[in-house]
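# Breakdown of the fold
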Amino acid sequence: MAASERWVGKSLERFEDAALLTGRARFMDDLEPAAGLCHAAILRSQHGSADIRSIDIAAALALPGVFGVLTPDDVAAMSNPIGNMVSRKLHYYPCAVGRARYFGEPIAVVVAESRYVAEDAVDLIEVVYDPKPAVVTIEDALAPSSTRLHDDFGSNVVHERTFRYGDPEGEFAKAAKVVSCRVDYPRVNSTPIETYGVIADFDAGNGRYTVWSNFQGPYAMHPLVCDALRVRGHQLRLISSPSSGGSFGIKHGVYPYIVLIGLAARKVGRPVKWIEDRIEHLAASSAATGRATHIDGAFDENGRLLALRLKQTENVGAYLRPPDPASLYRMHSTLSGPYRVRHIAVENKVVVTNQVPSGLNRGFGGPQFYYPLERMMDLAAKEIGIDPIELRLRNVVQTFPYETPAGSVLESGDYRRCIELALERAGYKELVAQRESARKEGRMFGIGMALAVETSASNMAYVDLALTQAQRAKQLPKSGAAGRARVIMDPLGAIIVHVDSLPNGQGHRTVVAQIVADEVGVNPEDVEVITDLDTFGGAWSITSGNYSNRFSTVVVSAVAVAARMAARKLRATAAKAFGVEPGMVQLLNGTASAPGAGNESVPIRRLAMQLHWDAGDLPEGVDGSISELAEFSPDTMTVPDEHDRMRSSLTYSFQCDLTGVEVNAETGRVHVHRYVSAHDAGTLLNPAVVEGQLRGGFAHGFGAAMLERVTYAADGTLLSGTFQDYLCPTAPELPDLDIAHYATPSPNTIQGAKGLGDGCSMIAPVTMANAIADATGLRDLTPPFLPGRLWQLLHGGAPDLTLTRPKAVPHDETGRELSGALRGRGAVAIEVAPQRVWDALLDPTQLRAIIPGCENIEQTSPDTFRARIRVSIAGIGALYEVQIRIFDREEPERLKLAARGESKLGFGRGEALVTLEEADLGVTQLTYEYGADVGGRVATFGQRMLDGVVKVVLADFFDRLRAHVRGEKPGGTVLQRVRRFFAVLQAFWGGS
Amino acid sequence: MLEVEAGAKTTLHFTLNGKPVQAEAEARMQLADLLRHVLKQYGTHVGCEHGICGACTVLIDGRAVRSCLIFAAQVEGATVTTVEGLAGDNGELNDLQLAFRKHHALQCGFCTPGILASATQFLSEHANASERDIRDMLSGHICRCTGYTGIVEAISATAQNRKSRDKKQTSTEKDE
Amino acid sequence: MKPAPFKYVRADSVEEALSVLAKFGDDVRVVAGGQSLGAMLNMRIVTPTIVLDINRIIGLSKIESGADIVTGAMVRQADALSNSAIRRHVGLLAQALPHVGHYQTRNRGTLGGSVAHADPSAEIPLVLATLGGEIELRSARRVRRVAAKQFFRSALVTIRGGDELVTALHWPRASSDLDAAFFEFAVREGDFAIVAVACAFERGARRMRLGFGGCGEVPHVVEVSAPSGTNANWVEEIARELSKQLDFRSDLLASANYRRSLATVLARKAMIASIEKARAYA
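Residues numbered from 1 in each chain as written. Chains lettered and ligands numbered in written order. Predicted model: local features only at pLDDT ≥ 70, side-chain atom pairs only at ≥ 80, totals over all residues. Heavy atoms only, no water.

Turning our eyes to something else, we now look at the overall build of chain C. A count of helical and extended segments in chain C gives 11 helices and 14 strands. A globule of 282 residues ought to have a C-alpha radius of gyration of about 19 Å, and chain C, at 19 Å, matches this closely. For the C-alpha atoms alone, the extent of chain C along its principal axes is close to 60 × 45 × 30 Å. In chain C, which comprises 282 residues, the proportion classed as buried is 65%. Counting only contacts in chain C whose residues sit at least 6 apart along the sequence, the fraction spanning at least 24 positions is 61%. For chain C, the accessible surface area stands at approximately 9,800 Å², while carbon and sulfur atoms represent 48% of it. (Helix = DSSP H or I, 4+ residues; strand = E, 2+ residues; numbered from the N terminus. Rg over C-alpha atoms; globule rule 2.2 N^0.38 Å. Buried < 20%, exposed > 50% of the residue type's maximum accessible area, 1.4 Å probe, protein only. Contact = heavy atoms within 4.5 Å. Areas by Shrake-Rupley, 256 points an atom, 1.4 Å probe, with all protein chains shown as cover.)

Structure, rendered in structure tokens:
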């Protein structure tokens, strides 16, 4: 077939679009597949780290419209923990059993007649927490004194392994230059616009669960979920959603919710639907791992990279949740990246922290790896005195196929050519000139580049790299990267194709139709592609799903194999009719003919019909009608050898990104002048689809570079809990992406296509970092490069000021600082003697009148009080249970107090130092300094306001104290209150 | 003055995609949920429930608004258009929808109905929109799949096509 | 995220609304555009007993041109943006409005709602304060007008009483010799301003009013006299001086020092833009 006649390689408009554009596509929340469907809402932990003392569901159960509540006790009784590959002592249930380990962790599931009622009932559940110090950062987790997240396991380091390839020590010893780089890479969430959804139905009669969900695979999780639910494989029917609104890896984390909602359905005896809302998603779905990396590169005097030393500490969140530690090992066999380095030493650690458990995300494991590698290369270029682009050109792999030290085989590529293409497309010389003239004018202009080898169609054996060879020998080996497809031609000659690629928007149905059309000789409109997966159907295996670019590699190869089997049968049937050899038959445009042997032709449709209807007279070698199941499973995807070498993927794409940016010193804003991505993914199956994937990957990568971060306060409260605080890029934020293509087909796939679409998500962050570093001279930078963070770095400050405990004031005279992210001080002049003020502060009867909203206060010991206070600011209010402790008292001059309050809306804790000085006869100058933290739901929503709210609450208290001791009624008229407010506020602003 | 007690249902009458409809709901029900689960028009999607992602955007009296921030009781008497009301009576895609398909302006399609609603209002007000204007308007929508380039091209192309179509019409009228 | 149950009351007139507020005051949340309140209700951050819908009150959507430009509380931000009286006579507001939220939220969001909500980063309260505008508050007992300067007490806190409704905003009609400029800095377009600066420059009197938003808890307005022949140095000096005087909030996106730097940059931009507009008349 002439190239112009082929469908593969054409930008065919997508078949998926008509339904999507008219609102007829069906997503999870559009489904009502079972009669009597009820709705679930989940009670979630407000604390990042707390023991759960008690859960009282009585009031929730009593609410009309509620059918039942699944509690942690139920979950522990009805299920097994979800297994992981490292240790049985790391229990992971889909809800908090006994202890909440991350903000938003599910605790109980309410099932009711509607989501509205279910949420009403959630509000009625009373949970008593016993908060514990949180372990939020990797540093925290490694500290020997930190709280242990998992008592049975005994350490927050849940995995350690080292690796050695070649002779890294020897190479480092003789290196002319050793360059080091430390990176603390943050966590991100690809946040598809459609969130998780699970519908579960339990048939008590045959002990079978039926579940519909937008779980994206891999279906290796199916047996895991079965084990958790204590059923066998045929007792969990898992059905995919007809459409899925994006995933990018994140919807892998649906599987624990399949367990949770399955159990809820079982408990209440009704089918249950749970649709995750955005707040839930940002807190408790999944996120990429965070990683602390210490990378050293050993170079010779010519800038040749001789050896790498990597110390990687992976933050997987509160649990070691499968597939992790996969994100640490997915890139393992390509830890040499695109470079020719032969000697590598690796020390890996995995820690748990009080953060959301990790999972797949766009670029899975790539961003965390390429950032330190490519930063180190830029630093090396500077330290050695070689241009950073030249340094890369000197070190990239040049001959293919190339076997990396850790066993991957980079099957094809031309990395140097791709880099040159990027330089050409970017107008590199002009960028350099632009940089020069900008610098002459004192402006900060920089150029940055990064390279990536994008691994696709992962060999599932890579997860076993976490185990030593001895450990691997003791268990069932895992290996392979397979795709599966079935091609059917029905009695009317229509073609139906089943694939197991589980798309979430990537246009698989269109691309598959193009491939089948080429192979079988029909038009794409004649091909119906079914991507629905049902574990009761036949086309799935544990590799089924959408991940690691398996679609454009193994799945489409399987499609081609199945389609060729179909074509073979058609040719045999036609050949028999024409009286020629099958090899002479051409299939094109819906017709079979033998161009070299006469003018005979027959519609392909008719041949298919014949195979159905005339099965008694089949041609030789044809066993029946067309229903061809093919598995594409390359035999090179084998287990690691005894030296921990393995082929981790089937194909390897290459990408080179280059950008020119200008940084505004006054605002920290980065303006991108040019961003180019030169990209080799082998054969392009549908260029429009390819371009869409690249632009989407760039949006994710640029978002991670500039805007996005899963952020926690020191107490484990999530600060990026809404789309106001977790910042996704919108159209004005994205610079233009110029894409240059270069193709070195893969010999490993049938069409020669490699995977694509994750490259930019892997290296846009470090490309931007390298350019910003070049522009500003900053050495240590981690994303996101929000203007405020960059500005802080440029002006010598800490980029995450409010997350860390500042070393400066306020502090008391012993130098011990008052801890808390919210800090301040104030003063008020009170026209009575200090003793009078002191007495009021410590008398519960007086405090009751003074504290606004105080419904009750009692002294529980000489130094402690307990109170119930309705705190309301701007109408946002809740009833807080408050404990107050007084200490370090020096009557009547000074005291310290610590307070902690808890409500449904959130919790707060704080410390204050109060000093009373007789400023004048009968006048007390009361000064106070405080540190406070506010956490929970109110902190998630109102994070910007907290500073002001705390100030106002305290100001109001001292204002009322003053009024009280002067014998005035606290409160007074609106005008008086306003005046007093103003007076206290002026005290802050120094009389402005 | 209308009063609906907490927990009580109220009956609403409004126009949906050109047809009068009636629906019963608690006052607190979000319009998005009313459209989807009561009236079974599932084309409008819910992505955040705090008015930022834009997936739930519909047209009320011709204006693009977040249906997650409108309560059922507020829709009484209004004219509502959702994605289901954009195509022709025979289901043929309108020019904007065709442009979206042509320019690969959607991938998973979940955010698309909201963007179509915004673009519909926008195009009716801005015949000469620049790329900058279109991107500004799109700042009220989050798409995680496409990177927005195809969306901008589709809206721009639609604007151009409508302009030349209108020009043709005007010149045809002139000739007559 | 579904709201907690509430009683829904839809007022058809101001009197009806006020009678509800008089009776139930602090248990009521008024819904105007709903762009802020809707989200807070969905998240159950607020759980009022009554939600009072004032969207149907016809009288509240008027824009009247008199000695002042008076906008009813329910005037939609999108309508204000395209209104010729506002473009002509309250130019500073017309410049600020494109920065308020997004195209879609401006279709619903109202001028009055933004003022009553009193977010410290909000543009409309900042412009009102800078121009020396007033807020009309009605209750069953009385009507009063409060200067913007007095109205905003703290972040999300105003002096509106529980029984009062913001019914109109009074915008001083710009004299023909007023040049105004508005600049803001936000991370993404439509995001809350980290800092916003509004500048109103009276050419004849050489009096410049500068409003700073997003810096402290409320808009902060200062007046400076601009000598004739103002130049870049003078602008720079004033911008820095003013930034030194202000107190700046600190949060996850911006430290106090960063806000100060932005305030200086934006003040400079706003002042220069106003002065250049003024020069165009010379």
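All names here are of chain A. Spatially, 4 strands are ordered S18-S26-S27-S28 in an open sheet, and the strand pairing comes out mixed. Only two strands of the sheet have a single neighbouring strand rather than two, namely strand S18 (444-458) and strand S28 (738-741). In this sheet, neighbouring strand axes are inclined to one another by 20° on average, regardless of whether the strands run parallel or antiparallel. The sheet contact formed by strand S26 (residues 649-663) and strand S27 (residues 670-680) spans 10 bridges and is antiparallel. In the sheet register, leucine 658 faces S27, and the bridge partner there is valine 676. In the packing of helix H13 (residues 415-426) onto the sheet, contacts are made with S18, S26, S27 and S28, and the angle to S27 comes to roughly 145°. Across the face of the sheet, helix H19 (residues 687-706) comes into contact with S27 and S28 while running at roughly 130° to S28. (Pairing = 2+ DSSP bridges. Axes fitted to C-alpha atoms, helices over the stretch in contact; angles between N-to-C directions.)

The tally for this structure, following the rule as stated, stands at 94 salt bridges over all chains. Connected through shared salt-bridge partners, A:Arg44, A:Arg115, A:Glu119, A:Asp120, A:Asp123, A:Asp277, A:Glu280, B:Glu26, B:Arg28 and C:Arg44 make up one network. (Salt bridge = Lys/Arg side-chain N within 4 Å of Asp/Glu carboxyl O.)

All right, on to unusual backbone geometry then. Note that the residue after A:Asp324, namely A:Pro325, is joined by a cis bond; omega there is 15°. By the element assignment, A:Pro325 lies in the loop between strand S14 (305-315) and helix H10 (326-329). Of note, A:Asp644 is a non-glycine position whose phi angle comes to about 60°, a positive value. Within the secondary structure, A:Asp644 is located in the loop between strand S25 (627-632) and S26. By relative accessible area, which is 9% here, A:Asp644 ends up buried. Despite not being glycine, B:Glu49 shows a phi value in the positive range, around 60°.

Right, let's get into the pairing of S26(A). Residue and element names in this part refer to chain A. By the criterion of burial, S26 is predominantly enclosed, with 15 of the 15 residues buried. Bridge analysis of S18 against S26 gives 14 bridges, and the strand direction is antiparallel. Its bridge partner lying in S26, glycine 448 is registered against threonine 659. Taking the residues that link successive antiparallel strands as the turn, the S26-S27 hairpin has 6 residues, and the phi of glycine 668 there is positive, at about 75°.

With 47 residues of chain B at the interface, the matching set in chain A holds 52 residues. Roughly 4,000 Å² is buried in total at the junction of chain B and chain A, and carbon and sulfur atoms are behind 58% of that figure. Joining chain B to chain A, the criterion identifies 6 salt bridges. Residue A:Asp30 is joined to B:Arg36 by a salt bridge in which the shortest nitrogen-to-oxygen separation is 2.8 Å. Split by residue class, the side of chain B that touches chain A holds 19 nonpolar, 16 polar and 12 charged. (Buried area = accessible area lost by both parts, 1.4 Å probe. Nonpolar A, V, L, I, M, F, W, Y, C, P; charged D, E, K, R; others polar.)

For an interface, size is often stated in terms of accessible area lost upon the parts coming together. Each partner contributes to the interface: chain C provides 36 residues, whereas chain B provides 37 residues. Interface area for chain C against chain B, summed over the two sides, is near 3,200 Å², with a carbon-plus-sulfur share of 48%. By the criterion of area lost to chain B, the three top residues of chain C are C:Tyr8, C:Tyr103 and C:Gln104, representing 22% of everything that side buries. Here chain C is connected to chain B by 6 salt bridges. Of the charged contacts, one joins B:Glu5 and C:Lys7 as a salt bridge, the two residues approaching to 3.1 Å between their closest N and O atoms. Our enumeration of links across chain C and chain B arrives at 29 residue pairs in polar contact (both at pLDDT 80 or more). Contributions of two or more residues to the side of chain C that touches chain B are made by strand S1 (7-10), helix H1 (14-24), helix H2 (37-42), helix H3 (77-82) and helix H6 (103-106) of chain C. Residues belonging to the side of chain C that touches chain B are distributed by class as follows: 15 nonpolar, 9 polar and 12 charged. Two strands pair when backbone bridges link them, and strand S1 (residues 2-4) of chain B and S1(C) are joined in this way by 3 bridges, in the antiparallel orientation. (Polar contact = N/O pair within 3.5 Å; in protein donor to acceptor, adjacent residues only side chain to side chain.)

Residues and elements named next belong to chain A. Here helix H20 (residues 759-776) spans 26 Å end to end across 18 residues, near enough to the 26 Å set by a 1.5 Å rise per residue. Burial of H20 is extensive: 17 of the 18 residues sit out of reach of the surface. A positive backbone phi angle near 80° is found at glycine 777, which sits one or two residues after H20. (Expected span 1.5 Å × (residues − 1).)

Let us now look at the packing of aromatic side chains. All names here are of chain A. For the structure shown, the criterion picks out 22 aromatic pairs over all chains. On the numbers, 4.9 Å between centres and 70° between planes, the contact of phenylalanine 400 with tyrosine 415 is edge-to-face. With phenylalanine 400 in the loop between helix H12 (388-395) and strand S16 (402-403) and tyrosine 415 in helix H13, this residue pair connects regions lying 15 residues apart in the sequence. Accessibility expressed as a relative area gives 1% for tyrosine 415, which makes it buried. Aromatic side chains tyrosine 415 and phenylalanine 654 sit 3.9 Å apart centroid to centroid with 10° between the ring planes, which places their arrangement in the stacked category. Within this pair, whereas tyrosine 415 is found in helix H13, its partner phenylalanine 654 is found in strand S26, the two being separated by 239 residues in sequence. One aromatic cluster is present, formed by Tyr92, Tyr102 and Tyr319 through successive ring pairs. The ring of tryptophan 7 has lysine 10 lying over it, and the distance from NZ or CZ to the ring centre is 5.3 Å. When the ring centre of phenylalanine 67 is taken as reference, the NZ or CZ atom of arginine 270 above it lies at 3.7 Å. (Phe/Tyr/Trp six-rings, centres within 6.5 Å; stacked < 30°, edge-to-face > 60°. Lys NZ or Arg CZ within 6 Å of the ring centre and 35° of its normal.)

Residues and elements named next belong to chain B. Split by domain assignment, chain B resolves into domain 1 (1-85) and domain 2 (87-170). Computed over C-alpha atoms, the centres of domain 1 and domain 2 are 23 Å apart. Taken together, the contact between domain 1 and domain 2 spans 16 residues of the former and 15 residues of the latter. Carbon and sulfur atoms make up 59% of the area that domain 1 and domain 2 hide from each other, which totals about 1,100 Å². Linking domain 1 with domain 2 are 0 salt bridges. The interface formed by domain 1 and domain 2 contains 5 residue pairs in polar contact (both at pLDDT 80 or more). Listing elements by their share of the side of domain 1 that touches domain 2, those giving two or more residues are strand S4 (57-60) and strand S5 (63-66). Residue composition of the side of domain 1 that touches domain 2, by class: 8 nonpolar, 6 polar and 2 charged. (Domains from an automatic or database assignment.)

Looking now at the packing of helix H7 (residues 221-229) of chain A against helix H8 (residues 255-268) of chain A. All names here are of chain A. Across the interface, H7 lies against H8 with an axial gap of 10 Å and an inter-helix angle of 35°. In the packing of H7 onto H8, the handedness of the crossing is right-handed. Residues Met221, Leu224, Val225, Ala228 and Leu229 of H7 pack against Tyr255, Ile258, Val259, Leu263 and Arg266 of H8. In terms of residue class, the contact of H7 with H8 is made up of 9 nonpolar, no polar and 1 charged. (Left-handed = near helix turned anticlockwise from the far one by under 90°.)

We now examine the environment of B:Glu92. Locating B:Glu92 in the fold gives a position in the loop between strand S6 (79-81) and helix H2 (95-102). Within the local environment of B:Glu92, its side chain forms a polar contact with the backbone nitrogen of B:Asn90, the two atoms lying 3.3 Å apart.

So, about the sheet that holds strand S3 (residues 50-53) of chain C. Taken together, the 4 strands give an open sheet; going across it, the order is S1(B)-S1(C)-S3(C)-S2(C), and neighbouring strands pair in mixed fashion. This sheet does not close on itself; its edge strands, each paired only once, are S1 of chain B together with strand S2 (28-31) of chain C. Taking each pair of neighbouring strands and ignoring which way they run, the sheet shows an average axis angle of 20°.

Take the side chain of C:Gln77 next. Residue and element names in this part refer to chain C. Note that glutamine 77 resides in helix H3. A polar contact is formed between the side chain of glutamine 77 and the backbone oxygen of threonine 110, at a distance of 3.1 Å. Setting aside residues no more than four positions away along its own chain, glutamine 77 makes contact with Leu97, Val100, Thr105, Arg106, Gly109, Thr110, Leu111, Ser114 and Ile124.

What follows is about the environment of B:Ser118. In this structure, B:Ser118 sits in helix H3 (residues 112-125). Here the alpha-carbon distance between B:Ser118 and B:Leu59, two residues 59 residues apart in the chain, equals 7.7 Å. Other than its neighbours up to four places away in sequence, B:Ser118 contacts B:Thr57, B:Ala64, B:Met137, B:His141, C:Tyr103 and C:Gln104. Within the structure, the side chain of B:Ser118 is placed 2.7 Å from the side chain of B:His141, a separation counted as a polar contact.

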